[in-house]
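Topology and contacts: notes
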Amino acid sequence: MNYNSDLAVERRSDALSGRQIDVVVSGSIGSVEAVRFIRSLRRLGAEVTPWLTAGGAQFVTPIALAWAAGREVRQSFSGDASHIALGEACVVAPASANLLGKCANGITDTPATALVASYLGSRKPVLILPNMHDSLAQAPAVSRNRETLAGMGAELLAARGEEGKQKFPEPAVLADEVAHRLNRSRAKGGSALVTLGTTRGYLDDVRYLSNYSTGTLGSLIAEELYRLGIATHVVAGPCPRQPKTFTTFAAVATNDEMSASAQYALQNGAKAAVLSASVLDFKPEHKTTGKIPSQTTERLSINLVRTPKIIAALNPNSGIKVGFKLETALTAARAETIAHDYFAKYQLSLMVINDLADVDGSKHKAYVVTRSDDGKGVVLDYVDGKNAVALAVASHVASRLVG
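In what follows, the accompanying structure is described. (Residues numbered from 1 in each chain as written. Predicted model: local features only at pLDDT ≥ 70, side-chain atom pairs only at ≥ 80, totals over all residues. Heavy atoms only, no water.)

The three strands lie next to each other as β5-β8-β7, forming an open sheet whose pairing is antiparallel. Either end of the sheet is taken by a strand with one partner, and the two such strands are β5 (132-133) and β7 (160-162). Sheet topology places β7 next to strand β8 (residues 165-167); three bridges connect them, and they run antiparallel. Bridge pairing in β8 places Arg-160 opposite Lys-167. (Pairing = 2+ DSSP bridges. Helix = DSSP H or I, 4+ residues; strand = E, 2+ residues; numbered from the N terminus.)

See below:
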């Protein structure tokens, strides 16, 4: 596609690359989010054909959906039998109570319901997002229809509960969830631990020492792994950016808490470890209970003690282990020396090495380092951009988990 075109989108991931997905938009106010949802699917590489019901057309126009998808909107039966399930998956978002009833009872009087029936009959994935008032969602007939559809093989997606309504989720988050569900079979049950953010060493109950980390890179890695169908177990220290999609999430503050939560994830199924957290190397030797009075002294001396290396104690059985290191005045030769040392000391399969001057809120350049084919040397790849680094790390983990 010509990326100067207004129909183009910026590819952020290949999680749905080349996947043909039919999206049914039915009569709910959530339909107004369908434009953003379709664009989000395309940013993951999907090719989307939109289907608009008569009810949906009361909330969003065919022109808007055609622009979002970059292709014609289907609204009626045609001689090419387009309502037959020819794509890889069908996503109904939003699904009204009326459409749920028709699909659950095999009523195929519209192209959209005939399409859903064809997907169900073909045993292809059907993902349904109910959107409606809570009173409708909890009505006996609607509840029964949801159960019937689940029994037919459809997967029901979680709406955003708010103000007594089952609302459309953030479109990009919903696209990630769709990608995760469609890729789970390819991932073959793969799972990964991702640590991110920073840790704290407490002086008293209100004061602490800490590193600085936005959590952005770790969050991008966790989200991409999730899109690829991998169960992601996130252990996050304090940071402003946290992943929007994951399988489990543990919030921690101290080194000990992060170490314990990470070990728990590895002991309970995580087969790979991505250790991107900025962990304290030193912490106060003693913590004072309560609050140190500020009026009692002009100076306060603090003894710092070295903390155990968390990375040394986290060793997944698969050998898939990614480490990170931030340096100053970094050169390629220095990066190679660091990599040799860390690969040997911590049994890494991949390493990301940054220079402080190349990392801030808007930029991120890094050496992504792997072992050479003979296992004796290392190979440096200089990568520019947080998303590019995240994709490289996630690709490394996913390719080895899936085999």
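Another aspect to go through is the nonpolar core. Core analysis: the largest hydrophobic core is formed by 31 residues, its most contacted members being Leu-16, Val-23, Phe-37, Leu-41, Leu-65, Val-91 and Val-178. When contributions to this core are tallied by element, the ones reaching two or more residues are β1 (20-25), α1 (34-43), β2 (47-52), α2 (62-69), β3 (89-95), β4 (126-130) and α7 (171-187). Beyond its immediate sequence surroundings of up to four residues, Val-23 is in contact with Phe-37, Ile-38, Leu-41, Val-48, Thr-49, Pro-50, Trp-51, Val-91 and Ala-93. Listed in part, the 30 residues of the second largest apolar core include Ala-192, Ala-272, Val-274 and Leu-401. (Core = buried A, V, L, I, M, F, W, Y, C linked by side-chain atoms within 4.5 Å. Buried < 20%, exposed > 50% of the residue type's maximum accessible area, 1.4 Å probe, protein only. Contact = heavy atoms within 4.5 Å.)

So, on to unusual backbone geometry. Residue Pro-94 is bonded to the preceding Ala-93 through a cis peptide linkage, with omega at 5°. With respect to the helices and strands, Pro-94 occurs in strand β3. The residue Arg-123 is not glycine, and still its phi comes out positive at about 60°. With respect to the helices and strands, Arg-123 occurs in the loop between α4 (111-121) and β4. You can call Arg-123 exposed: its relative accessible area is 69%. You will see that Lys-188, though not glycine, has its phi angle at about 55°, which is positive. Note that Lys-188 resides in the loop between α7 and β9 (191-196).

Tallying each qualifying case throughout the model produces five aromatic pairs. On the basis of an interplanar angle of 65° and a centroid distance of 5.6 Å, the ring pair of Tyr-202 and Tyr-208 is categorised as edge-to-face. Sitting over the face of the ring of Tyr-202, Lys-287 holds its NZ or CZ atom 5.4 Å from the ring centroid. (Phe/Tyr/Trp six-rings, centres within 6.5 Å; stacked < 30°, edge-to-face > 60°. Lys NZ or Arg CZ within 6 Å of the ring centre and 35° of its normal.)

Strand order in the open sheet made by the five strands is β2-β1-β3-β4-β6, with parallel pairing throughout. Strands at the two margins of the open sheet, each flanked by one partner only, are β2 and β6 (155-156). Both β1 and β2 contribute to a ladder of six bridges, which runs parallel. Bridge pairing links Asp-22 to Thr-49 in β2. On top of the sheet, helix α3 (residues 97-104) reaches β1, β3 and β4; it is set at about 140° to β3, its chief contact. Against the sheet, α7 contacts β1, β3, β4 and β6, and its axis sits at roughly 150° relative to β4. (Axes fitted to C-alpha atoms, helices over the stretch in contact; angles between N-to-C directions.)

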